[in-house]
Amino acid sequence: MWRVRRAAVACEVCQSLVKRSSGTKGCLPLQKLHLVSRSIYHTHHPTLKLQRPQLRTSLQQFSSLTSLPLRKLKLSPVKYGYQPHRNFWPARLAARLLKLRYLILGSAVGGGYTAKKTFDQWKDMIPDLSDYKWIVPDIVWEIDEYIDLEKIRKALPNSEDLAKLAPDFDKIAESLSLLKDFFTTGSPGETAFRATDPGSESDKRYRKVSDKEKIDQLQEELLHTQLKYQRILERLEKENKELRKLVLQKDDKGIHHRKLKKSLIDMYSEVLDVLSDYDASYNTQDHLPRVVVVGDQSAGKTSVLEMIAQARIFPRGSGEMMTRSPVKVTLSEGPHHVALFKDSSREFDLTKEEDLAALRHEIELRMRKNVKEGCTVSPETISLNVKGPGLQRMVLVDLPGVINTVTSGMAPDTKETIFSISKAYMQNPNAIILCIQDGSVDAERSIVTDLVSQMDPHGRRTIFVLTKVDLAEKNVTSPSRIQQIIEGKLFPMKALGYFAVVTGKGNSSESIEAIRDYEEEFFQNSKLLKTSMLKAHQVTTRNLSLAVSDCFWKMVRESVEQQADSFKATRFNLETEWKNNYPRLRELDRNELFEKAKNEILDEVISLSQVTPKHWEEILQQSLWERVSTHVIENIYLPAAQTMNSGTFNTTVDIKLKQWTDKQLPNKAVEVAWETLQEEFSRFMTEPKGKEHDDIFDKLKEAVKEESIKRHKWNDFAEDSLRVIQHNALEDRSISDKQQWDAAIYFMEEALQARLKDTENAIENMVGPDWKKRWLYWKNRTQEQCVHNETKNELEKMLKCNEEHPAYLASDEITTVRKNLESRGVEVDPSLIKDTWHQVYRRHFLKTALNHCNLCRRGFYYYQRHFVDSELECNDVVLFWRIQRMLAITANTLRQQLTNTEVRRLEKNVKEVLEDFAEDGEKKVKLLTGKRVQLAEDLKKVREIQEKLDAFIEALHQEK
């Protein structure tokens with residue numbers, strides 16, 4: 001019941017809230033109330049069009065109105081059309097607000113749950129991208145660590161800056177309208193009106209002046225806009241350069257874990273390097289494009305190149321010729337600003353002044369090395385690679401400056417040599433000629449323009465560059481003359497493009513950045529731009545670099561495939577010629593032939609260590625005896641043998657042997673050993689190897705042998721140790737057995753017989769042929785031989801009378817012989833008698849010594865008894881035994897030095913000589929010659945050029 005009463009009370013409260021009287025003002029219909037306000041009205045109000053369902057009791061019991069005590073309601077009089085109500089509208093309003101709270105919370109919870117469920121469904125539909133993370137490079141995930149995106153965003157121009165770049169269209173429209181009015185003819189009435197106006201003429205003059213000023217103002221604004229736009233571009237390019245540098249450094253560190261390919265310009269430069277060494281003997285010329293930099297001496301060629309390369313890399317001098325040979329500079333992009341030579345691995349950091357100085361010094365040294373004696377310039381090219389961020393990719397060749405007069409200190413043919421070098425590079429139909437003209441001197445003094453116009457008369461591949469424009473603008477009285485030069489009207493030569501640059505203030509210590517800033521500042525304020533004599537794209541070294549690079553790559557794309565086809569044809573011709581001439585030989589160039597010859601030579605040197613000790617000792621002993629035998633017989637044995645007793649003989653022998661050992665013998669022994677080593681080495685090097693022998697290596701082996709022998713020196717301590725050994729061997733007189741005694745007698749007989757044979761030959765040459773030869777071979781004696789024969793016969797008679805005659809003739813004996821010969825009509829001189837006696841007595845003595853040697857064969861028994869109670873004395877046999885033993889011991893000592901030390905040292909010298917020859921290209925060309933070598937060399941180079949060209953063309957197509 002209480003619930004029914006409470007509901008009735010609530011219904012009356014609601015009816016009182018919605019009751020309206022006709023006299024109430026400012027009340028709005030229920031439909032116009034706010035949604036929240038409408039929600040608190042009763043749903044059964046007659047004016048509500050949309051009937052809402054009654055609220056449930058379950059919601060009503062949570063209303064805050066249920067806690068209010070029930071009071072007796074005072075009913076107001078009921079009028080027609082209105083329902084009675086009570087004044088409880090604040091409470092009812094609070095209750096409705098509380099109900100709204102629960103509605104909002106419920107909707108929020110329900111909506112959140114639904115949204116979460118939908119999100120989960122979408123999330124399940126999306127595939128897992130973690131498995132595909134490898135597709136994206138690592139640098140994308142880490143780019144925020146290396147690239148400051150906020151910095152880039154700040155560096156980009158905002159909308160206001162971009163708006164400033166746009167021209168003022170209002171002013172332009174106003175100026176155009178003024179110009180239109182000025183140039184447009186008015187109507188006849190208007191003309192008459194202006195004619196009658198007294199101030200019309202002054203207005204016209206004022207308008208003309210103002211229009212001119214506005215035109216000048218527009219041109220100046222346009223120039224400033226271009227320069228401002230250029231500065232913004234440079235700033236953005238600088239930021240881009242820094243970013244590219246970071247990316248390239250990232251690649252250098254191997255973040256992508258892949259091998260970086262060579263750049264296009266590096267591949268192209270390698271092709272040009274190979275072509276520069278190729279001998280074009282098969283009518284295949286090098287027509288690949290290069291940028292050839294030519295100009296008069298001190299015209300600024302080097303400065304332009306340095307501005308393009310962004311580094312002071314060339315040696316310089318004031319008015320002196322510094323470029324003495326062509327320098328090929330390959331510009332490419334890289335993370336670091338470095339330079340390196342083609343044949344060296346050292347990198348010069350171009351951001352450091354000490355490396356720049358070292359690079360300039362190295363270039364100067366290479367130039368002076370290329371210049372031959374008696375010359376001033378050289379055609380040999382120096383290859384230099386320069387890498388750095390933002391460099392334009394191209395290949396430039398800096399040539400020596402063209403001169404008009406040969407000064408003191410130069411070779412007489414310097415001018416002609418420079419012209420021939422320049423023409424050789426410029427006659428390439430695809431070479432881009434960068435003609436440098438000094439703007440600060442009179443154009444009539446230029447020589448290079450005539451040379452360029454001869455090589456490229458139509459100007460299809462010439463780019464003209466006017467340097468030192470700042471000095472030209474300052475010194476030239478007529479600025480239009482500069483315009484004529486730039487437009488190509490002053491010179492007979494034509495060109496693809498004309499550029500004006502500033503190469504600094506003439507200070508060699510100026511940095512590239514300072515020169516660039518000075519150049520930009522000059523052209524910003526230059527009258528040449530303000531008066532439209534020069535266009536904005538025709539100035540600054542940067543614009544020149546971009547234009548040259550574009551022209552270079554255009555030429556490359558147009559000509560490289562045609563050049564590749566010509567080398568394919570040349571390769572086919574060379575391969576056909578090789579197959580016809582050398583079908584069974586492999587194609588080996590000079591380097592491969594040199595390696596093959598090197599291995600053969602080293603094998604032959606190693607074979608020296610395989611020579612047996614017995615062979616070494618036999619050769620050494622025989623060679624040493626041949627060297628010292630004359631001294632032993634003539635200076636030791638014969639003087640001692642002519643003495644009267646054994647004591648004197650032994651004393652004389654000991655003294656002479658001691659003197660010989662101290663002064664001559666060790667040195668002679670070392671010489672013999674060194675000559676023996678040379679002979680054996682030469683024998684192994686030169687003896688034919690049968691069918692495997694290749695005569696193409698003979699000159700190389702001979703040169704290696706001579707150079708190795710020249711460098712080899714015997715150990716200095718060998719003589720000292722050898723002297724002691726030889727001295728001890730010669731002092732020993734103890735023959736231990738009969739075998740050694742017989743060996744000594746045999747050695748003595750061989751020595752004496754060899755001397756006797758030599759003596760008989762000398763006598764035969766002296767006296768002429770005997771009667772047998774005269775009868776059998778129809779030979780006759782000369783008058784002098786007849787005199788010698790008569791003298792010999794007279795001396796032999798004297799020896800028959802006294803067989804123990806001493807070795808020398810007395811004066812009276814000489815007189816007797818001369819008189820006896822004169823009595824027979826033979827006139828002789830005393831000196832002739834002495835010479836004849838020397839040979840006659842020598843033969844007589846040797847025959848007597850040989851007879852005595854035969855008697856001593858049975859004298860070993862008496863030797864053991866020291867010749868006591870015996871008339872036989874064999875001291876000469878003991879002497880020869882001492883000599884023989886000394887020779888054997890010396891040969892053994894020298895053999896040990898050879899096998900243990902000298903052969904290894906010789907092998908080391910041979911290796912050093914081969915290494916030196918391997919680095920000397922001229923040596924290899926000189927020593928490895930012939931049609932076969934040249935044909936293989938050309939074939940290898942053509943193949944290499946073709947392979948590099950094919951790889952370059954493929955990379956060029958991929959870049960497109």
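Structure: above.
Remember, predicted model here, so these are calculated numbers, not experimental data. (Residues numbered from 1 in each chain as written. Predicted model: local features only at pLDDT ≥ 70, side-chain atom pairs only at ≥ 80, totals over all residues. Heavy atoms only, no water.)

Asker: Even after reading the chapter, I still don't get empty space enclosed by the protein, so can you show me in this structure?
Answerer: Tallied over the full model, the rule gives two cavities of 30 Å³ or more. In this structure, the second largest cavity occupies an estimated 30 Å³ of space. Forming the boundary of the second largest cavity are Met322, Arg324, Glu364, Met367 and Arg368. Classifying every residue of the lining of the second largest cavity by side-chain character gives two nonpolar, no polar and three charged. (1 Å grid on protein atoms, 1.4 Å probe; cavity = no way out; pocket = protein on both sides within 12 Å on 5 of 7 lines; lining within 4 Å. Points joined across faces, edges and corners; volume = space filled by probe spheres on them. Nonpolar A, V, L, I, M, F, W, Y, C, P; charged D, E, K, R; others polar.)

Asker: Would you explain a positive patch on the surface in this entry?
Answerer: On the surface, Lys699, Lys710, Lys923 and Lys926 cluster together into a positively charged patch. Contributions of two or more residues to the positive patch are made by α26 (698-711) and α35 (921-927). By secondary structure assignment, the location of lysine 710 is in helix α26. With a relative accessible area of 66%, lysine 710 lands in the exposed category. (Patch = residues over 30% accessible without salt bridge, like charges linked within 9 Å, V, L, I, M, F, W, Y side chains within 5 Å. Areas by Shrake-Rupley, 256 points an atom, 1.4 Å probe, with all protein chains shown as cover. Salt bridge = Lys/Arg side-chain N within 4 Å of Asp/Glu carboxyl O. Lys, Arg positive; Asp, Glu negative; His and termini not counted. Charge placed at Lys NZ, Arg CZ, Asp CG, Glu CD. Helix = DSSP H or I, 4+ residues; strand = E, 2+ residues; numbered from the N terminus. Buried < 20%, exposed > 50% of the residue type's maximum accessible area, 1.4 Å probe, protein only.)

Asker: Explain the packing of helix α25 (residues 665-686) against α26 here, please?
Answerer: Two measures define how a pair of helices packs: the angle their axes make with one another and the distance between the axes. Contact geometry for α25 and α26: axes closest at 10 Å, N-to-C directions at 165 degrees. Relative to α26, α25 is oriented roughly antiparallel. Where α25 crosses over α26, the handedness of that crossing is right-handed. Of α26, the residues touching α25 (which contributes Trp674, Gln678, Phe681, Ser682, Met685 and Thr686) are Lys701, Glu702, Lys705 and Ile709. (Axes fitted to C-alpha atoms, helices over the stretch in contact; angles between N-to-C directions. Parallel < 35°, antiparallel > 145°, perpendicular 65-115°, else oblique. Left-handed = near helix turned anticlockwise from the far one by under 90°. Contact = heavy atoms within 4.5 Å.)

Asker: Explain the state of the cysteines here, please?
Answerer: In a disulfide, the sulfur atoms of two cysteines are held together by a covalent bond. Evaluation of the coordinates by the stated rule reveals one disulfide. Residue cysteine 856 pairs covalently with cysteine 874 via a disulfide, S to S 2.1 Å. With the S-S dihedral at roughly -100 degrees, the linkage between cysteine 856 and cysteine 874 falls on the left-handed side. With a gap of 18 residues between them, cysteine 856 in the loop between α32 (830-855) and α33 (860-864) and cysteine 874 in the loop between α33 and α34 (875-919) connect regions that are remote in the sequence. For the pair cysteine 856 and cysteine 874, a shared accessibility class is recorded, and that class is buried. (Disulfide = S-S within 2.5 Å.)

Asker: How do you make sense of the pairing of strand β3 (residues 338-341) when you look at a structure like this?
Answerer: Of the two faces of β3, the one carrying Val338 and Leu340 and the one carrying Ala339 and Phe341 are both buried. Inspection of the sheet shows β3 paired to strand β4 (residues 348-349) by two bridges, in the antiparallel sense. The partner of valine 338 across the bridge, within β4, is aspartate 349. From the end of β3 to the start of β4, which pair antiparallel, there are six residues. In terms of strand pairing, β3 meets strand β5 (residues 382-388) through four bridges, oriented antiparallel. Opposite leucine 340, over in β5, you have asparagine 385 as the bridge partner. (Pairing = 2+ DSSP bridges.)

Asker: Could you clarify how one ought to interpret the sheet that holds strand β8 (residues 462-467) in this entry?
Answerer: Whenever strands of a sheet pair, they do so through backbone hydrogen bonds, lying parallel or antiparallel. Within the open sheet, the nine strands sit side by side as β4-β3-β5-β2-β6-β1-β7-β8-β9. Their pairing is mixed. Strands with a single pairing partner mark the edges of an open sheet, and in this sheet they are β4 and β9 (497-500). The strands touched by helix α12 (residues 264-276) are β2 (327-333), β5 and β6 (394-398); relative to β2, the strand with the most contacts, the crossing angle is about 160 degrees. Helix α13 (residues 301-309) contacts β1 (291-295), β2, β5, β6, β7 (432-438) and β8 of the sheet and is inclined by roughly 160 degrees relative to β6.

Asker: Honestly, helix α19 (residues 512-525) in this entry has me stumped. Any pointers?
Answerer: An α-helix turns once every 3.6 residues. As a result, residues three or four positions apart point the same way. Taking 1.5 Å per residue, 14 residues should reach 20 Å; α19 reaches 20 Å between its end C-alpha atoms and fits that length. Those residues of α19 lying buried are Ile512, Ile515, Glu519, Phe522 and Phe523. Take α19 and look down its axis: the buried residues cluster within an arc of 90 degrees, on one side only. The inward-facing, buried residues of α19 abut α13, α17 (469-475), β9, α20 (527-530) and α21 (541-581). (Expected span 1.5 Å × (residues − 1). Arc of directions from axis to C-beta.)

Asker: Looking at this structure, I do not really get the packing of aromatic side chains. What am I missing?
Answerer: Any aromatic ring pair is given by two values, namely how distant the centres are and how the planes are angled relative to each other. By the definition in use, this model includes 17 aromatic pairs. Ring geometry for phenylalanine 552 and tryptophan 553: centres 5.4 Å apart, planes at 75 degrees, overall edge-to-face. Neither residue differs from the other here; phenylalanine 552 and tryptophan 553 are each classed as buried. With a centroid separation of 6.4 Å and 25 degrees between ring planes, the pair formed by tyrosine 841 and phenylalanine 845 is classed as stacked. Of this pair, tyrosine 841 and phenylalanine 845 are both found in helix α32, four residues apart, which corresponds to roughly one turn of the helix. Aromatic ring contacts, followed pair by pair, group Trp625, Tyr637, Phe747, Trp837, Tyr841, Phe845 and Phe880 into a single cluster. Taking NZ or CZ as reference, arginine 366 lies 4.0 Å from the ring centre of phenylalanine 341, over its face. Above the face of the phenylalanine 684 ring, arginine 683 is positioned so that its terminal group lies 4.6 Å from the ring centre. (Phe/Tyr/Trp six-rings, centres within 6.5 Å; stacked < 30°, edge-to-face > 60°. Lys NZ or Arg CZ within 6 Å of the ring centre and 35° of its normal.)

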